[in-house]
Amino acid sequence: MTDSKYFTTTKKGEIFELKAELNSDKKEKKKEAVKKVIASMTVGKDVSALFPDVVNCMQTDNLELKKLVYLYLMNYAKSQPDMAIMAVNTFVKDCEDLNPLIRALAVRTMGCIRVDKITEYLCEPLRKCLKDEDPYVRKTAAVCVAKLHDINAQLVEDQGFLDTLKDLISDSNPMVVANAVAALSEIAESHPNSNLLDLNPQTINKLLTALNECTEWGQIFILDCLASYLPRDDRESQSICERVTPRLSHANSAVVLSAVKVLMKFMEMLPKDLDYYGTLLKKLAPPLVTLLSAEPELQYVALRNINLIVQKRPEILKHEMKVFFVKYNDPIYVKLEKLDIMIRLASQANIAQVLAELKEYATEVDVDFVRKAVRAIGRCAIKVEQSAERCVSTLLDLIQTKVNYVVQEAIVVIKDIFRKYPNKYESVIATLCENLDSLDEPEARAAMIWIVGEYAERIDNADELLESFLEGFHDESTQVQLQLLTAIVKLFLKKPTETQELVQQVLSLATQDSDNPDLRDRGYIYWRLLSTDPVAAKEVVLAEKPLISEETDLIEPTLLEELICHIGTLASVYHKPPSAFVEGSRGVQHKRLPPRAGSGESTESPDVGQSGPSEAPPAVIPSQGDLLGDLLNLDLAPPTATVPSVQPSMQMGAMDLLGGGLDSLVCSSPAMGAGLGAAPAAMPASLGSAPAVGGGLGDLFDLGGGVGMPTGSYVAPKTVWLLAMKAKGLEISGTFARRGGIIQMDLSLTNKAMSVMTDFAIQFNRNSFGLAPAGPLQVLTPLSPNQTIDVSLPLSTSGPVMKMEPLNNLQVAVKNNIDVFYFSCQYPLSLLFVEDGKMDRQVFLATWKDIPNDNEAQFQIKDIHLNSDVASNKLQGSNIFTIAKRTVEGQDMLYQSVKLTNGIWVLAEMRIQTGNPNYTWMCWRRPHVRECVSQNDSPVIS
Amino acid sequence: MISQIFILSSKGDHLIYKDCILTTGLLVALFCLCLYLLILLQSHKGLHFIHVRQGGLYWVASTKTNPSPFTIIEFLNRLAALTKDYCGSLSEKSVRMNFALIYELLDEMVDFGYIQTTSTDILKNFIQTEAVSSKPFSLFDLSNVGLFGAETQQSKVAPSVAASRPIMSSRGEQNEIFVDVIERLSVVIGSKGVLMKADIQGEIRIKCFLPTCSEMRIGLNEELSIGKSQLKGYSSAVRVDECRFHQAVKLDEFDTFRILKVCPSQGEQTVMQYQLCDELPCAPPFQLFPSVEKDYVNRVLIFLKLRCDLPPKSTALNVSITVPVPKGSTSMSQELSSPDQTAELQPKNKALLWEIPRFPGGAQLSALFKVDVPGLSSASLLEVGPVSMSFELPKQTCTGLQIRFLRLSPTQTGLSQRWVRYVTHSDSYTIRI
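Residues numbered from 1 in each chain as written. Chains lettered and ligands numbered in written order. Predicted model: local features only at pLDDT ≥ 70, side-chain atom pairs only at ≥ 80, totals over all residues. Heavy atoms only, no water.

Under an unreviewed UniProt entry, chain B has the name Adaptor related protein complex 4 subunit mu 1 and belongs to Cyprinus carpio. Recorded in UniProt for chain B, the comment headed Subcellular location (unreviewed entry) runs: "Membrane, Coated pit". Quoted verbatim from the Sequence similarities (unreviewed entry) field of the UniProt record, the comment on chain B reads "Belongs to the adaptor complexes medium subunit family." (UniProt positions renumbered as here; feature names shortened; annotations may be inferred.)

Chain A is annotated in an unreviewed UniProt entry as AP complex subunit beta from Cyprinus carpio. As its UniProt record puts it under Sequence similarities (unreviewed entry), chain A is described as follows: "Belongs to the adaptor complexes large subunit family."

Caption draft 1: Up close: the overall build of chain A. Within chain A, the regular secondary structure consists of 40 helices and 13 strands. Expressed as a percentage of the 942 residues in chain A, the buried residues total 55%. Considering only contacts within chain A whose residues lie at least 6 apart along the sequence, 67% involve residues at least 24 apart. In the structure as shown, chain A presents an accessible area of about 40,600 Å², 51% of it carried by carbon and sulfur atoms. (Helix = DSSP H or I, 4+ residues; strand = E, 2+ residues; numbered from the N terminus. Buried < 20%, exposed > 50% of the residue type's maximum accessible area, 1.4 Å probe, protein only. Contact = heavy atoms within 4.5 Å. Areas by Shrake-Rupley, 256 points an atom, 1.4 Å probe, with all protein chains shown as cover.)

Caption draft 2: The confidence of the model for chain A, seen in detail. Residue and element names in this part refer to chain A. Residues of chain A with pLDDT of at least 70 account for 78%, and the chain-wide mean is 75. Low pLDDT, under 50, characterises residues 598-712; the predicted model gives this stretch 133 contacts beyond four residues in sequence or across chains. Under a pLDDT of 50 for its full length, residues 927-942 has, in the predicted model, 65 contacts with residues more than four places off or in other chains. (pLDDT = per-residue confidence, 0-100.)

Caption draft 3: Local environment of the packing of helix H2 (residues 69-87) of chain B against helix H4 (residues 99-109) of chain B. Residues and elements named next belong to chain B. Between H2 and H4, whose axes approach to 11 Å, the crossing angle comes to 140°. The angle between H2 and H4 falls in the class oblique. Here H2 runs over H4; the crossing is right-handed. On H4, the residues that touch Phe-75, Leu-79, Leu-82, Thr-83, Tyr-86 and Cys-87 of H2 are Leu-101, Ile-102, Leu-105, Leu-106 and Met-109. Counted by class, the contact of H2 with H4 contains ten nonpolar, one polar and no charged residues. (Axes fitted to C-alpha atoms, helices over the stretch in contact; angles between N-to-C directions. Parallel < 35°, antiparallel > 145°, perpendicular 65-115°, else oblique. Left-handed = near helix turned anticlockwise from the far one by under 90°. Nonpolar A, V, L, I, M, F, W, Y, C, P; charged D, E, K, R; others polar.)

Caption draft 4: Structural detail: the interface of chain B and chain A. Listed as interface residues are 72 residues of chain B and, on the opposing side, 83 residues of chain A. Interface area for chain B against chain A, summed over the two sides, is near 7,200 Å², with a carbon-plus-sulfur share of 58%. Taken together, the links from chain B to chain A amount to eight salt bridges. For the salt bridge of Lys-67 of chain A with Glu-108 of chain B, the shortest nitrogen-to-oxygen distance reads 3.5 Å. Counting across the chain B and chain A interface gives 22 residue pairs in polar contact (both at pLDDT 80 or more). Ranked by residue count, the leading element in the side of chain B that touches chain A is H2 of chain B, at eight residues. Along the lines of polarity and charge, the residues of the side of chain B that touches chain A split into 29 nonpolar, 26 polar and 17 charged. (Buried area = accessible area lost by both parts, 1.4 Å probe. Salt bridge = Lys/Arg side-chain N within 4 Å of Asp/Glu carboxyl O. Polar contact = N/O pair within 3.5 Å; in protein donor to acceptor, adjacent residues only side chain to side chain.)

Caption draft 5: Expanded view of the pattern of salt bridges. As enumerated under the stated definition, the model contains 54 salt bridges over all chains in all. As a salt-bridge pair, Arg-232 of chain A and Glu-236 of chain A come within 3.1 Å of each other at their nearest N and O atoms. On the accessibility criterion, Glu-236 of chain A (10% relative accessible area) is buried. Measuring nitrogen to oxygen at the nearest pair gives 4.0 Å for the salt bridge that ties Lys-207 of chain B to Glu-268 of chain B. Separated by 61 residues along the polypeptide, Lys-207 of chain B in strand S9 (residues 195-208) and Glu-268 of chain B in strand S15 (residues 267-277) bring together distant segments of the chain. Taken as a pair, Lys-207 of chain B and Glu-268 of chain B share a single burial class, namely buried.

Caption draft 6: Just the pairing of strand S16 (residues 286-294) of chain B, in detail. Residue and element names in this part refer to chain B. Looking at chain direction, S16 and strand S17 (residues 299-308) are connected through nine bridges and run antiparallel. Across the sheet, the residue bridging to Lys-294 is Val-300, located in S17. In this antiparallel pair of consecutive strands, S16 and S17, the connection spans four residues. (Pairing = 2+ DSSP bridges.)

Caption draft 7: Seen up close, the sheet that holds strand S22 (residues 364-372) of chain B. Residues and elements named next belong to chain B. Strand order in the open sheet formed by four strands is S16-S17-S22-S19, and the pairing between neighbours is antiparallel. With one partner strand each, in any of the chains shown, S16 and strand S19 (331-335) form the two edges of the open sheet. Averaged over all neighbouring strand pairs, the angle between strand axes comes to 20°, with direction disregarded.

Caption draft 8: Geometry of the pairing of strand S1 (residues 2-8) of chain B. Residue and element names in this part refer to chain B. In terms of burial, S1 is largely enclosed, as seven of its seven residues are buried. With six bridges connecting them, S1 and strand S5 (residues 57-63) associate as antiparallel partners. Following the sheet pairing, Ile-7 is matched in S5 by Trp-59. If you look at the hairpin formed by S1 and strand S2 (residues 14-19), you'll find five residues sitting between the two strands, and Gly-12 has a positive phi there, around 100°.

Caption draft 9: Layout of the side chain of Lys-31 of chain A. Mapped onto the secondary structure, Lys-31 of chain A falls in helix H3 (residues 27-42). Lys-31 of chain A has contacts with Asn-62, Glu-64, Leu-65 and Leu-68 of chain A, leaving out every residue within four places of it along the chain.

Caption draft 10: Region of interest: helix H6 (residues 81-94) of chain A. All names here are of chain A. With 14 residues, H6 extends 20 Å between its outermost C-alpha atoms, agreeing within 8% with the 20 Å of an ideal straight helix rising 1.5 Å per residue. The largest bend in H6 is about 35°, located at Ala-87. Buried within H6 we find Ala-84, Ala-87, Val-88, Thr-90, Phe-91 and Asp-94. (Expected span 1.5 Å × (residues − 1). Bend = angle between axes of the 7 residues up to and from the residue.)

Caption draft 11: Expanded view of the sheet that holds strand S7 (residues 809-815) of chain A. All names here are of chain A. Taken in spatial order, the three strands line up as S4-S7-S8 in an open sheet, and their pairing is antiparallel. With one partner strand each, in any of the chains shown, strand S4 (761-764) and strand S8 (820-826) form the two edges of the open sheet. Going across the sheet, the axis of each strand differs from the next one's by a mean of 25°, ignoring polarity. In the sheet, S4 pairs with S7 via four bridges, with the strands oriented antiparallel. Each residue of the ladder has a partner; that of Ile-762, found in S7, is Val-814.

Caption draft 12: Region of the structure containing unusual backbone geometry. Residue and element names in this part refer to chain B. Located in the positive-phi region is Phe-112, a residue other than glycine, with phi close to 55°. The topology assignment puts Phe-112 in the loop between strand S6 (110-111) and strand S7 (114-115). The exposure class of Phe-112 is buried, given its relative accessible area of 6%. At Arg-258, a position not held by glycine, the phi torsion is positive, near 55°.

Caption draft 13: Representation of the confidence of the model for chain B. Residues and elements named next belong to chain B. Within chain B, residue pLDDT values average 77, and 80% of them lie at 70 or more. Counting contacts from residues 136-162, a segment whose pLDDT is below 50, to residues more than four positions away or on other chains yields 49 contacts. Interface scoring of the predicted complex returns ipTM 0.73; its pTM is 0.65.

Caption draft 14: Focus on the side chain of Lys-18 of chain B. Within the fold, Lys-18 of chain B resides in strand S2. A polar contact of 2.8 Å, which involves the side chain of Lys-18 of chain B, links it to the side chain of Asp-107 of chain B.

Caption draft 15: Quick peek at a negative patch on the surface. Residues Glu-464, Glu-467, Glu-471 and Glu-501 of chain A make up a contiguous surface patch of negative charge. Take Glu-467 of chain A: it is sitting in helix H26 (residues 462-470). (Patch = residues over 30% accessible without salt bridge, like charges linked within 9 Å, V, L, I, M, F, W, Y side chains within 5 Å. Lys, Arg positive; Asp, Glu negative; His and termini not counted. Charge placed at Lys NZ, Arg CZ, Asp CG, Glu CD.)

Caption draft 16: Focus on the nonpolar core. Residue and element names in this part refer to chain A. Core analysis: the largest hydrophobic core is formed by 263 residues, its most contacted members being Leu-126, Leu-317, Phe-324 and Phe-418. Among the elements that line this core, the one with the most residues is helix H16 (residues 253-267), at eleven residues. Discounting chain neighbours no more than four positions away, the residues touching Phe-418 are Tyr-425, Glu-426, Val-428, Ile-429, Leu-432, Trp-450, Ile-451 and Tyr-455. In this structure, Leu-783, Leu-793, Leu-807 and Cys-825 belong to the second largest nonpolar core, which totals 45 residues. (Core = buried A, V, L, I, M, F, W, Y, C linked by side-chain atoms within 4.5 Å.)

This is how it looks when you write it as structure tokens:
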């Protein structure tokens, strides 16, 4: 009796028949019935209606029947969650069964049923099974933790299963260890920052011990886990390598490749002069070669991996060139990949062999392969300089075959060779010209035309040759047309007398009769160049060309490093990082190689790049005052890289700020000869309290006269921030500026005390835009009495963020050898306008429409006598970009956009009435910043 | 790791479908569409499909993460081998008949996408279902024969009928064990008859039907040396560059006595793989002396003289020679030396095919082909490219590797039959003109 009949029953009432059979008393009949049900399930029939009947068969001693019922349950439990609950009791009972097979079966199946209610019941049995005496049950339970984590991660953490799983790494049975490692690795992947797989030398040792004993598949789990470990030093890395090396001779190629991955990664840490390093290199070659003896599909996977390894460490396979020679019956994808590796391995030592082989390939039948082989000869010439001559002669031999596609490919690569070695192999041009007529592919024609144009002075009949191409100009592809245009212009510049007619002809063809914009533009450029200044044209067109680089096809190094960490996986076949093709959070972690050993860098080297905490000024010790409380909390750690969004915290303060903003708008404009001083911080400065008003400031005032050039951003004059009498003789005045995209705080420190001041340091309190000193305060010399020093302190916007009142308030602490002093100042918001604040017109239009009415605000700026163009130029200097302009009834409307360092956009409309000195600003994007912006804008424009 | 496993018939019907993660849903229909492109890797909507084809069936695994294709392909191959071991043979019919058994196997082999085991020793403790044979076993049924390790046309090897027998069949106790030594030869011979490249990939495979077998000792040639530097004795005739062993093989007597100790589990397994590059211990089995001439305006004369350099007692079987001919060849006439040979022109492949069913060692055969090529030019002659050959050499190993003895310990009660067989295949045998 065979099972195949189960597939053939498609009669009506089948479900009823099955139902009857399932409820039969005879065990044998029940089993047959369940088999039939599962057969229908496999072919996609819906047999979920039988759920209760099948579940009834669950309580049986017959293991075969039980397995079949469980199989059914796994498939349909999700669609019948209420019914599935009926099975829970049996599961729980089975988890206590005397037979370990049944215990394991129950745990395994329960984990596969993704019904919440069942999951709750799973915890207790699972906990018991994780500590079961039978390793088969333990290993099944270990995987079940991963299943449960997939369903409900929080539950797994709460129940403490992760710790039990970690304990299983030390289990006596290697299979249990392997499954625990696999489960932990999977769970760790979804929590990138957790330290789940706490790999330390002890656990590594345990893993390495288990590695020798477990099954081949377990070895793969363990090796993959080892690869994510970072050894402490080269000695540890060597000892791991030594214990992994025996895996290289395993019969399962997946084990071999996982071992290769571990070795490639840890080798990075071994000093190159170490004997062991050399031994390891030798040991890596044979297993890689052996991988090539598998079926073509596996060969392809192996070759893609070898391609990576060869790019990283060519020395491993440098003597194994022969194994990459192509066999006639290899599939084309294997052939092409082999060819690629051959080129990568080509060196002076083996180039003769490689060339002989490539020449053979060029006579094969498969056109694609032949083309690639001819290209490969060209790449050899470019890669190995000594071989260039031989390559050229090989190519010439191939051209003699007159096989059409061979000739065309050869001409394309000879062009590349000319570009790499100019003025060396021009003797072959004559041969090339003989084949002119047989070229029918655009790329080959373009290459040939390039050659003729480039060497026009050595080809007697260059003009005739080019003229022949010109006849069918409009039928050519763009590539050829462009090349022909350039070549004829080159020819004209070299032989102006004879070819004037030709050049005129091509220029008119390109500019008048062509509808291809590229071609027309190039034509016009040449035409104007030639007509205005032929000498300049010669310099431009016949300029020396940069040599083409020899390794243009290498994988970019950082990507290569990441791919090396993924050897043996899909990523290494696609040559793409896993994040490019794996959905969700899994596999998105970027792996990297351990730092190179022996190059003087310690493992901590990545930290050195950041401005180290050691360079920060010593801790500021505040004396008293309520402001000081905050400063106590100053974070001296290096600035964090991310700028937290400040938007939510600012929303509330928006409205009250409006009042003050309008006041300050009126008074803080220096052009009005301020001095009214309503806003607390905008102490009118130009009255001379800052003696060191720089030259830049003067320029700015001059520009106010209406020079139409974009200027740098506006810099307010310095104001006194700290009075000498309050600071034991230290007077600080300062201002803010934005220079070349860098925010700077310009300070003048004056010593009005009787003694010398030294040891200056500065620190900011948290503030609205995260301003923080980007370096220490550079006061090198001691400040003697009555001396003034001007310092520029670069600022970053990556400091801690806290909303201030007003928004642009900044609390500063300055320390010297006498005491610590505190003051606050306000910075103009224009400081924070970034250079890329120019919004796309379409985006601007769309955003503008979206602005709610209550976000709008209007301001008047008075007494400004600029026309709109000058104003917009000046504003652009301060990174306020005019997106559009229109004129309505004598009013100029400028639409402007501004972007702040924290990514907030501000949109504005500016109305300028001719003859009326008053400007009207309106419509701001963000209510909470608008007043600050407005109060700052008026000085910028004036 | 693995999300789903399918076994599909050649028409794309689901024979077996297992969803390991249970969240993926069925996507295989699309996969079937692109199968005809015969690409190893497919991806669709973040799901990557990997398949192998064995026994006329597609063995497919899909995955969402970034696993090792090697692992999955190895696994699929093992799955196919195990299915064959358990069901007797691989076919749509046998898979359909034994679906319950295969589901049971899959349950034990893969848990939540993690491969657990593929060893019959472990699996037999768990498997309850008994295999169903597609036809009653008969020694006289010789239609389904072949060496285990290789797909060969060689026939009339009586014991190989065992190859299509389930290992755990309850029908009688078979105390049989088969050991096959299979070598694949790739050779490139240059245009002047110089041997340019030669390598041999070899393997020792066993198929074991012994229900309990404690240990088997396989003795290889004592003078076998491994690696380029290591030489044993004065005239080391047998040498391999590198070898790999199944993990169950104990090698404690290998270094001194060249004895492999293995406890074979039921079913088929590769005990040892080895390879030899560059230096063949003997001459390559075939030498070709070609000459290509232009006869008339539109005719090419290809004269081939083929010599077999095997020892006189041995024979090569199923020798076929493929010669590329110029593009546009229309017809061909040939002069062959015996009636059992055939030759035909295959304009689609731009090649002529010459087939010789039996080729005794030391013999020399010649053939003359006249190919009509309209519009023949001198360059066309260059298109008569490298000649490729395929053949098989029964009872031959090119490395000279031999199995000296096969001992079972403790000696089995009852009759145990041991079979040792050798075969060499051509993998890629090219002779350049």
